Amino acid sequence: MLKCRSVWNKLAPLTKVSSNVCRHNVRRTGLTNVRLPPCAPAAHMSTGPRGGGRENQLYAALVGAVTITVGILTYRHLKEDARRYQDRIDEIESRTSKRIVIQESAPIQSEPPDVEAIETEVVPEPEPSAEPTTEPQLEPPAEPEPETPSAPSDAEVTPPSDTTETPSAAAEAAVEAVPEEVAEAPAAPAVQEGDLTKLPPSDLIEPCPAPIVDSEPKAAAENLTAEPPELEVVAKSGADTVPAPLKVPSHTPYLLIGGGTASFAAARSIRARDPGAKVLIVTEETDLPYMRPPLSKELWFSDDPSVTETLRFKQWNGKERSIYFQPASFYISPEDLDSAENGGVAVLTGKKVVHMDVRGNKVKLDDDTEISYGKCLIATGGVPRNLQVIDRAGEEVMSRTTLFRKIDDFRSLDKVSRNVKSITIIGGGFLGSELACALGRRTNESDLEVIQMFPEKGNMGKVLPEYLSNWTTEKVKKEGVKVVSEALVKSVTFKDDKLQIQLKDGRLVKTDHIVAAVGLEPNVDLAKSAGMEVDSDFGGYRVNAELQARSNIWVAGDAACFYDIRLGRRRVEHHDHAVVSGRLAGENMTGANKPYWHQSMFWSDLGPDVGYEAIGIVDSSLPTVGVFAKATSKDTPKAATEKSGTGIRSESETEDTATSPVASSSSSSSSTPTVEQHKDDYGKGVIFYLRDKVVVGIILWNVFNRMPIARKIIKDGEEHADLNEVAKLFNIHED
């Protein structure tokens, strides 16, 4: 009808114009002859001489053509509508057939008449004098005529051929049919054997459960007379072979990307301020949140041969604990997060966030799963750096190189250290020195050779002043480590079953395995998709003093380049900073709007006898002042943990303001700070780092549990005429 209307709209103006032409010609003739012609039938009206009428003929032909065209188009349209209607009816009947098949393959107990009807149709009871009944033979859909029964029987039915399906097609329809169609299918009426021929065509579509049984021909032959419940079991067994996909919540109020210390601290802070909060942690690792410091410290000194499996260790004070923050029972399943009445913390392990839609407040995982969020924290940490010469050295070298960061790296290096004869650690920072001391202890138990090389003159040369760095190097050597200082790696090759490290000064070091501990690269993979700024000087996501990067997005931990209101823009890679920044981010995600003012600390232990804690900016390029005293048996990491009760010292520190009175500076008239040294015996002491004569960093060398005092000194930001007097605040001269 739409086509006819469009054609008529095009032709109607033509007919109207022709009619107007006829009327105008008649009026013009009347004016010319000074009289109007008598009324005549419309068929004889003409503007020419009498007896003409050419225009009328054209008009009649045009109207006739239009009428015929409209009739033809109407006929075609009606015919097409009839065909589509018939196709729709056939489709509906086909759906009805599929629904019946599904209903009979999984009968409902609440409708026993249907089950009886199906049983009757599947296996009818034979008459004593008749031949055994057989299943009705179906004809392919291509045949136009109905099939004739092969043998007379009351139980046999000849369904219409245009709605029947072959057993294979019916099987596919039974498998592919959706549950909604099953729920909408009408109940099949109970039918007696003799009444089957009276059923309408839609009820005669192959109803037997043969299509499902046909997938197993042998079972079909043996179980031809099986009860409907048995058929239901067959369908269940097939469904059980398909594993159910993990259900991930489509929305979470709090989404934490990363499963490290910062994320766990944020989750705990969020739950403290909002007890009913629902928090989802998404992490690439397969482990629950854990602390990283023991991986390079206490775990290596454990006497338990199964420590790589239990991941439990004894602290210096003898107490045992796990590296995991909380056991698995602390968390809830991601599937149960939506329905959790009191909220909770769920961890989605082994998943990586690959894209962020900041405007839509949603993220996409590496399996294309999308999760929307209300507030989001990025705590992706970092990845270990590697030397370019090792990256370019090939697979033989890379397979014998460890980039130490995770639990798997600890397990792998522990196994390697028991199976090789030589390990070389490249790097003289915190991680490299800790691993060197830890592995050096094993040289006494086995023939393992441990080598540590670094470009500086001594261990931790970028942090400690030169004299203390040299003293530390000697301490590391006493642990059984061969130290190669001022070493710049030129190339690494694999030859004669050995890794050969060629230095730029010509020295050659042969080893079996390499541990690259040359720093951390902040993970900023989401910066591009999230449209966030990466700091060009320090790396990491650039955030404000509240650790916020964009609307509803915060960053904490190693990946955050934050603005310190006291020391300026910084990026810190330490455990305590992850705790402090994660806690602050969690508070701000719940509306606290607090700035980052708490100076985080870090610590490092070179075995149970030497350790230090530091705060602020500790850079050996800055002017330093050190004040030392003779150490006692109480001035060791072991004694400190025995007193505090924990080996993770950042958890034992408090944020209380230091109340120790400042010593009077009148006892010293010198305006230049002096350094008190005891003939290279740096048993314990305090090292101050200065910038513009103001203390910006402090290291407590074998001085423990005094961090609140150091934090207050940095927070005050005052100039001190005599730092010897300031050092007395830490009671380093007490026995």
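Above this note sits the structure.
Computed from a prediction, not measured in an experiment: that's the story for all the values here.

A.B. asks: Which parts of the structure should I look at to understand the pattern of salt bridges?
C.D. replies: Pairing between side chains of opposite charge can happen when their charged atoms approach one another. The full count for this structure, using the stated rule, is 28 salt bridges. With a closest N to O distance of 2.8 Å, Arg385 and Glu521 form a salt bridge. You can see Arg385 sitting in the loop between strand S9 (382-384) and helix H12 (388-391) and its partner Glu521 sitting in strand S18 (residues 520-522), a full 136 residues away along the chain. Arg385 sits in the partly exposed class, given a relative accessible area of 33%. The exposure class of Glu521 is partly exposed, given its relative accessible area of 38%. Overlapping salt bridges, with partners in common, bring together Glu80, Asp81, Arg83 and Arg84 in one network.

A.B. asks: Explain helix H9 (residues 261-273) here, please?
C.D. replies: Residues that lie three or four places apart on an α-helix share one face, since the helix turns once every 3.6 residues. Over its 13 residues, H9 runs 19 Å from end to end, which matches the ideal 18 Å to within 8%, given 1.5 Å per residue. Looking only at H9, the buried set comprises Thr261, Ala262, Ser263, Phe264, Ala265, Ala266, Ala267, Ser269 and Ile270. Buried-residue contacts for H9 involve strand S1 (251-257), strand S2 (278-282), strand S5 (344-348), strand S8 (370-378) and helix H18 (575-589).

A.B. asks: So what exactly am I meant to see when it comes to the packing of H9 against H18 here?
C.D. replies: How two helices sit against one another is set out by the angle between their axes and by the gap between those axes. Interhelical geometry of H9 versus H18 gives an angle of 35° and a closest axis separation of 7 Å. Like other packed secondary-structure pairs, H9 and H18 cross with a definite hand, here right-handed. Residues Thr261, Ala262, Ala265, Ala266, Ser269, Ile270 and Arg273 of H9 pack against His575, Ala578, Val579, Gly582, Arg583, Gly586, Glu587 and Met589 of H18. In terms of residue class, the contact of H9 with H18 is built from 7 nonpolar, 5 polar and 3 charged.

A.B. asks: What is the right way to look at the sheet that holds strand S25 (residues 611-616) in this model?
C.D. replies: Within a beta sheet, neighbouring strands are joined by backbone hydrogen bonds and run either parallel or antiparallel to one another. Read from one edge to the other, the open sheet built from 5 strands follows the order S24-S25-S28-S27-S26, with strand pairing classed as antiparallel. Of all strands in the sheet, those bounded by a partner on one side alone are strand S24 (601-605) and strand S26 (624-629). Strand-to-strand, the axes of this sheet are offset by a mean angle of 15°, without reference to chain direction. In terms of strand pairing, S26 meets strand S27 (residues 684-691) through 6 bridges, oriented antiparallel. Residue pairing across strands places Gly626 opposite Ile687, the latter belonging to S27. Each of S24, S25 and strand S28 (694-701) touches helix H21 (residues 707-716); the most contacted strand, S28, lies at about 165° to it.

A.B. asks: Hey, could you run me through the pairing of S25 in this one?
C.D. replies: The buried fraction of S25 is high, at 6 of 6 residues. Pairing of S25 with S28 involves 5 bridges; the strand directions are antiparallel. Looking at S28, one finds that Ile615 is bridged to Ile698.

A.B. asks: I keep staring at the nonpolar core and nothing clicks. Help me out?
C.D. replies: What tends to happen in soluble globular proteins is that the nonpolar side chains get buried as a cluster. Core analysis: the largest hydrophobic core is formed by 126 residues, its most contacted members being Met356, Ile698 and Phe730. Per-element accounting of this core gives the leading share, 6 residues, to S28. Leave out the neighbours within four places in its chain, and Ile698 touches Glu613, Ala614, Ile615, Val618, Val686, Ile687, Phe688, Tyr689, Ala710, Ile713, Ile714 and Phe730.

A.B. asks: Can you help me understand the packing of aromatic side chains in this one?
C.D. replies: Two descriptors summarise a pair of aromatic rings, namely the distance from one centre to the other and the angle between the planes of the rings. Enumeration over the complete set of coordinates arrives at 11 aromatic pairs. Taking 5.0 Å as the distance between ring centres and 90° as the angle between the ring planes, the aromatic pair formed by Phe330 and Tyr331 counts as edge-to-face. On the accessibility criterion, Phe330 (40% relative accessible area) is partly exposed. Note on Phe430 and Tyr612: the rings are 6.3 Å apart at their centroids and 45° apart in plane angle, and the pair reads as tilted. Pair noted here: Phe430 is in helix H15 (residues 430-440) and Tyr612 is in strand S25, with a separation of 182 residues, a long-range link. Among the residues examined, Phe430 registers a relative accessible area of 22% and is labelled partly exposed.

A.B. asks: What's the story with the sheet that holds strand S19 (residues 541-542) in this structure? I'm lost.
C.D. replies: Across the sheet, 3 strands lie side by side as S19-S22-S23; this open sheet has mixed pairing. Bordering the open sheet on either side are S19 and strand S23 (568-570), each of which pairs with just one other strand. Bridging between strand S22 (residues 560-564) and S23 involves 3 bridges; their strand directions are antiparallel. Bridging across to S23, Asp564 finds its partner in Gly568.

A.B. asks: Explain the side chain of Lys297 here, please?
C.D. replies: Mapped onto the elements, Lys297 comes out in the loop between helix H10 (293-296) and helix H11 (307-310). Filtering out sequence-adjacent residues up to four positions away, Lys297 remains in contact with Glu434, Trp603, Ser604 and Asp605.

A.B. asks: Which parts of the structure should I look at to understand the environment of Gly394?
C.D. replies: Within the secondary structure, Gly394 is located in the loop between H12 and helix H13 (395-398). Since its relative accessible area comes to 30%, Gly394 is described here as partly exposed. Between the alpha carbons of Gly394 and Val492 there is a distance of 9.4 Å; along the sequence they are 98 residues apart.

Thresholds applied
Residues numbered from 1 in each chain as written. Predicted model: local features only at pLDDT ≥ 70, side-chain atom pairs only at ≥ 80, totals over all residues. Heavy atoms only, no water. Salt bridge = Lys/Arg side-chain N within 4 Å of Asp/Glu carboxyl O. Helix = DSSP H or I, 4+ residues; strand = E, 2+ residues; numbered from the N terminus. Buried < 20%, exposed > 50% of the residue type's maximum accessible area, 1.4 Å probe, protein only. Expected span 1.5 Å × (residues − 1). Contact = heavy atoms within 4.5 Å. Axes fitted to C-alpha atoms, helices over the stretch in contact; angles between N-to-C directions. Left-handed = near helix turned anticlockwise from the far one by under 90°. Nonpolar A, V, L, I, M, F, W, Y, C, P; charged D, E, K, R; others polar. Pairing = 2+ DSSP bridges. Core = buried A, V, L, I, M, F, W, Y, C linked by side-chain atoms within 4.5 Å. Phe/Tyr/Trp six-rings, centres within 6.5 Å; stacked < 30°, edge-to-face > 60°.

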